[in-house]
Amino acid sequence: MPVARRHAPCCVPGVRSCRPPSCALAAALVLAAATSAGAILQAEQRNEVSFLRGPYNLAFFYRHNDSFRYSAAFHYHHGKQHDVLLLTPLSDHVAVDVEFDADVTRFTYAREARTEPTMELFGPYFAQVAWSMYRAIDWTHIHHEQTYDILSDRDIAWPDKSEWTARAVRHYLDANPDVALSCAPLDVTMRRAGTMMKPYFTYYRSYYPRSADFAFVAHWWHPVVYEAMMIAGNDDEQEAVVDETNRVMLTQVFLDRPQRMLLSREVMPRYSRMSPESANVFDNLHMLHGIIYDIAAYEGWSDEQKRAELYRVLEAMRRQPGDEALARKFRTPHPDMDPRVYEPWMKGYEGEMNRIMEEMMREMMPLMMPGGMPEAKQREMRRQLRMKLMPGLEPGEIPGSLHDAMMAVMPDMKMMPGTMEPGESAPMMRDAMLAGWREKYGDLPDVAPWPMQHEPAAPPVDGVRAARAEAASEP
Amino acid sequence: MSEPRCCSRARAPHALARALLGGAAALLAASAATPAAAADHSNIEEGLPIEVEDAFPIAYRGRELQGRFRYERQDGGEDQYLLEPRLELGVLPNAQVRIGSRFLMGPADRTTSRDVDLEGLYNFNQESVLLPAFALSARARFPTGVDSAGVDTRVKALATKTLGPAPRMERVHLNVAWDHEAAAGAGERSDRYLVVVGYSMRLDPDTILVADFVRQQEREHGADANIVEAGLRYQLTPQTVLVAGAGAGIGEESPDVRATVGFQHSLSWP
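Residues numbered from 1 in each chain as written. Chains lettered and ligands numbered in written order. Predicted model: local features only at pLDDT ≥ 70, side-chain atom pairs only at ≥ 80, totals over all residues.

Engineer: Give me the overall build of chain A: which residues, what numbers.
Structural biologist: Along the backbone of chain A there are 22 helices and zero strands. For 475 residues, the compact-globule estimate of 2.2 N^0.38 gives 23 Å, and the C-alpha radius of gyration of chain A, at 25 Å, lies within 12% of that figure. For chain A, the spread of C-alpha atoms along the principal axes amounts to about 90 × 60 × 45 Å. Across the 475 residues that make up chain A, the buried fraction comes to 51%. (Helix = DSSP H or I, 4+ residues; strand = E, 2+ residues; numbered from the N terminus. Rg over C-alpha atoms; globule rule 2.2 N^0.38 Å. Buried ≥ 20, exposed ≤ 12 C-beta atoms within 10 Å, placed from the backbone.)

Engineer: Please give an account of the overall build of chain B that cites residues and values.
Structural biologist: Check the secondary structure of chain B and you find one helix and 13 strands. Ordered by position in the sequence, the α and β elements of chain B form the string α-β-β-β-β-β-β-β-β-β-β-β-β-β. Buried residues in chain B amount to 53% of all 270 residues.

Engineer: Quick rundown of the confidence of the model for chain B? Include the residues and the values.
Structural biologist: All names here are of chain B. Per-residue confidence for chain B averages 87 on the pLDDT scale, and 85% of its residues sit at or above 70. Here residues 1–17 is a poorly scored stretch, pLDDT under 50, and it has 34 contacts once near neighbours within four places are set aside; other chains count. Overall, residues 23–37 carries pLDDT values under 50, and its contacts beyond four positions in sequence, including any with other chains, amount to 36 contacts. Here the prediction assigns the complex a pTM of 0.89, and the interface score ipTM is 0.87. (pLDDT = per-residue confidence, 0-100. Contact = placed C-beta atoms within 7 Å.)

Engineer: I'd love a proper account of helix α7 (residues 131–152) of chain A, names of residues and values included.
Structural biologist: A rise of 1.5 Å per residue sets the reference length of α7(A), with its 22 residues, at 32 Å; its end C-alpha atoms lie 31 Å apart and thus fit the reference within 8%. Among the 22 residues that make up α7(A), 22 are buried, leaving the element largely enclosed by the rest of the structure. (Expected span 1.5 Å × (residues − 1).)

Engineer: Break down the environment of L163(B) for me, with residues and values.
Structural biologist: Residues and elements named next belong to chain B. For L163, the position within the fold is in the loop between β7 (152–162) and β8 (171–180). Considering only alpha carbons, one finds L163 and V129, 34 residues apart in sequence, at a separation of 8.8 Å. Aside from chain neighbours lying at most four places away, what touches L163 is E170, R171 and V172.

Engineer: Which residues make up helix α16 (residues 303–317) of chain A, and what values do they have?
Structural biologist: Residues and elements named next belong to chain A. For α16, which comprises 15 residues, the first-to-last C-alpha distance of 21 Å matches the rise-based estimate of 21 Å (1.5 Å per residue) to within 8%. Those residues of α16 not exposed but buried are K306, R307, E309, L310, R312, V313, L314, A316 and M317. Each element contacted by the buried residues of α16 is listed here: α6 (124–129), α7, α9 (186–193) and α15 (276–297).

Engineer: With reference to specific residues and values, describe unusual backbone geometry.
Structural biologist: For the bond running from L48(B) to P49(B), omega is 0°, close enough to zero to count as cis. Mapped onto the secondary structure, P49(B) falls in the loop between α1 (15–32) and β1 (63–73). Positive phi outside glycine occurs at T202(A), with the angle close to 80°. Among the structural elements, T202(A) can be located in the loop between α9 and α10 (203–207). Positive phi, close to 55°, is recorded for D147(B), a residue that is not glycine.

Engineer: Describe the pairing of strand β5 (residues 116–123) of chain B, and please don't skip the residues or the numbers.
Structural biologist: Residue and element names in this part refer to chain B. The sheet contact formed by strand β3 (residues 95–101) and β5 spans seven bridges and is antiparallel. Among the inter-strand pairings, I99 is bridged to a residue of β5, identified as L118. Note that β5 and strand β6 (residues 133–142) share eight bridges and pair antiparallel. When the sheet's bridge partners are listed, N123 is paired in β6 with A135. (Pairing = 2+ DSSP bridges.)

Engineer: Tell me what's going on with the pairing of strand β9 (residues 191–204) of chain B, and back it up with residues and numbers.
Structural biologist: Residue and element names in this part refer to chain B. Direction of pairing for β8 relative to β9: antiparallel, over a ladder of ten bridges. The residue of β9 that forms the bridge with L174 is V197. Bridging between β9 and strand β10 (residues 207–217) involves ten bridges; their strand directions are antiparallel. Opposite Y199, over in β10, you have A211 as the bridge partner. Linking β9 to β10, which pair antiparallel, is a turn of two residues.

Engineer: Just give me the short version of the packing of helix α19 (residues 375–389) of chain A against helix α20 (residues 402–409) of chain A, but keep the residues and values in it.
Structural biologist: Residues and elements named next belong to chain A. Across the interface, α19 lies against α20 with an axial gap of 10 Å and an inter-helix angle of 160°. As far as their axial angle goes, α20 and α19 are roughly antiparallel. Of the two elements, α19 crosses α20, and the hand of that crossing is right-handed. Residues K377, E380, M381, Q384, L385 and K388 of α19 lie in contact with α20, whose contacting residues are L402, A405, M406 and V409. (Axes fitted to C-alpha atoms, helices over the stretch in contact; angles between N-to-C directions. Parallel < 35°, antiparallel > 145°, perpendicular 65-115°, else oblique. Left-handed = near helix turned anticlockwise from the far one by under 90°.)

Engineer: I'd love a proper account of the nonpolar core, names of residues and values included.
Structural biologist: With 130 residues, the main nonpolar core has W220(A), W221(A) and A297(A) as its most contacted residues. Looking at this core, the element that brings in the most residues is helix α11 (residues 209–232) of chain A, giving 16 residues. Each residue touching W221(A), except ones within four places of it in the same chain, is listed here: Y70(A), F74(A) and M249(A). In this structure, A55(B), A133(B), A177(B) and I208(B) belong to the second largest nonpolar core, which totals 24 residues. (Core = buried A, V, L, I, M, F, W, Y, C linked by C-beta atoms within 7 Å.)

Engineer: How would you sum up the confidence of the model for chain A? Please name residues and give values.
Structural biologist: Taken over all residues, the pLDDT of chain A has a mean of 91, while the share at 70 or more is 91%. A low-confidence stretch, residues 1–23 of chain A (pLDDT under 50), is modelled with 25 contacts involving residues beyond four sequence positions or located in other chains.

Engineer: Pulling in residues and values, what's your account of the packing of α15(A) against α16(A)?
Structural biologist: Residue and element names in this part refer to chain A. Running from amino to carboxyl end, α15 crosses α16 at an angle of 165°, the nearest separation of the two axes being 10 Å. Considered as vectors, α15 and α16 are oriented roughly antiparallel to each other. The element α15 and its partner α16 pack so that their crossing is right-handed. In this structure, α15 uses N284, L288, I291, I292, I295 and A296 to contact α16, whose residues at the interface are K306, E309, L310, V313 and M317. Partitioning the contact of α15 with α16 into residue classes produces eight nonpolar, one polar and two charged. (Nonpolar A, V, L, I, M, F, W, Y, C, P; charged D, E, K, R; others polar.)

Engineer: Quick rundown of the environment of M229(A)? Include the residues and the values.
Structural biologist: All names here are of chain A. Residue position: M229 is located in helix α11. We classify M229 as buried; it has 31 C-beta atoms within 10 Å. Residues contacting M229, with those up to four places away along its chain left out, are L151, S152, Q238 and V242.

Engineer: How would you explain the environment of E227(A) if you had to name every residue and give the values?
Structural biologist: Residue and element names in this part refer to chain A. In this structure, E227 sits in helix α11. Residue class for E227 comes out buried when judged on the 22 C-beta atoms lying within 10 Å of it. Note: C-alpha distance between E227 and D256 (29 residues apart in sequence) is 21 Å.

What follows is the structure in structure tokens.
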């Protein structure tokens, strides 16, 4: 290769006045950097944190690969849903809901997700609008993976599972503190967030009912898989119970989907007692998904306003001092539930999630209607609330958000400052709800720890219950 | 980028096929032998498999083993083989450090083979709807290898922007680097630039397509290279990414052809 120049020289060595192109380029870069500096300083940083190292990493992937793929498919739904809602005009909601549900359902049944997607991979636009929400979601999904891995790893003796899980919880809460969700029960964090009277609340479930139902399936599956491992122990029974739980999902749950978000305390009571912090984090994540989708689907705000509201909600639902002391403040209404049986109580309106919502509404009403209201209006308000909390728009249901319905029923309802604005809280409302929770549950005894000294043997499925549940789920 | 060149020799028959197979085997063996665990196929790394790099660092506390094997037929007809193992660490939030070495083989010039590279990258921001993500990296190449002298340095500015709604996460990337040779020989440039314009998109959940155009000044005065490349990044497991790519030069001073295989593997325990 000859070194002689073939083209006109751009620089003659030794001539001081000569500026090589690289210098000009560097100067241009500095100028560009300075120009962008102000904007960059306004922007947020990625602040991603890697997963916790442990000998158990990837145990769930290798031992329960079908389940790993279902989990990844649910996160495909979660990631993609952000952009679908943020970019779809509400007028297109019917067609888009059908199309999206068909896409994510096919994706799940086909087990197309081989690896766990980040939210950004299928929702890149939302990442440009509210990156910190993705940080919170991805970080909590990593906690899902960690805790599945720990329960799946045969080399971690059964009595040691709870300590490894506690280590993963500590890492989750401490290593990424500005986006780690609260380990307090959802009863507390929902009251802190104060979203019920916001103009977007219930938009997602009302206008995208199939997609919301899909999320309810996902949020049935995530906890029951923990419970499958909790009743099976470390040995080969684990594969059998997890596989049977997956079969129930594909043959029953998807065909007759839950109409509410199921809480950990309902469908993974044993794991919730072993690690209430972890269980509460998952409830908070699953509720956060719904709130984000409500905000994304709402058309009354700009992207900037949505971001302000999203970050306000995140601030309310992330871990705060004193949360650990509240972690065990819940009851387990179905302590003997079997993850292999899709029980009728898992399907309908009645359950922990909607109990919390109804309580919050009752706690807010004295502030919004200080003069009280007639019994007929109260009945109508309860009827509208019930319809709003169920997916879809029912006959007689007032369109729009829960706030829209309440205002239609009670036009003179008094709204607190901060209730309607993006990024603003209503402190009086929040404080009234938290006081209501303390009054009702502040003295609730802590839920007892789950004994982990001895590895369990999976009990036989109650054939009568299972057959009844399967028959009830047939379309 | 293309390594130093000197003597021209006749190419061995089937050199490309043999080299790629051998390199792939060596890299996969290295991957399997390492206790491992979340490489990310959408986080585009320099040389894996093509020149373009995005503005995003590895996650804080991430540890990743990377390796690549590249065959290049240089414009004089010489074959060059490059084997490059490296370790990437998320040492601080939004910052990564990469340490590695390049082993040059084949009939082409091997000057600087076995030099040790130490590089840091800092990302300034997450992109917004209008603002790209920006990063700056700095690299020092220490003269630990063949016929090396002085510490060569590189400063590189990186920008990445997702194209609007981007249902397939389509992104454009711009890399602009300035290289300084501490001990440039007669007829060689002591300063030279590199510009890479790149594009990436998700083909399916596990595969990212990458493509770029590279414009660089070569070490020899007056020699400039233009290369067009394309490649795939495939997420094999949650913690392993395999890559493969190829490129061709445009113009007589550019390499004739190059092909790369490689991997990224997150280390999990201890």
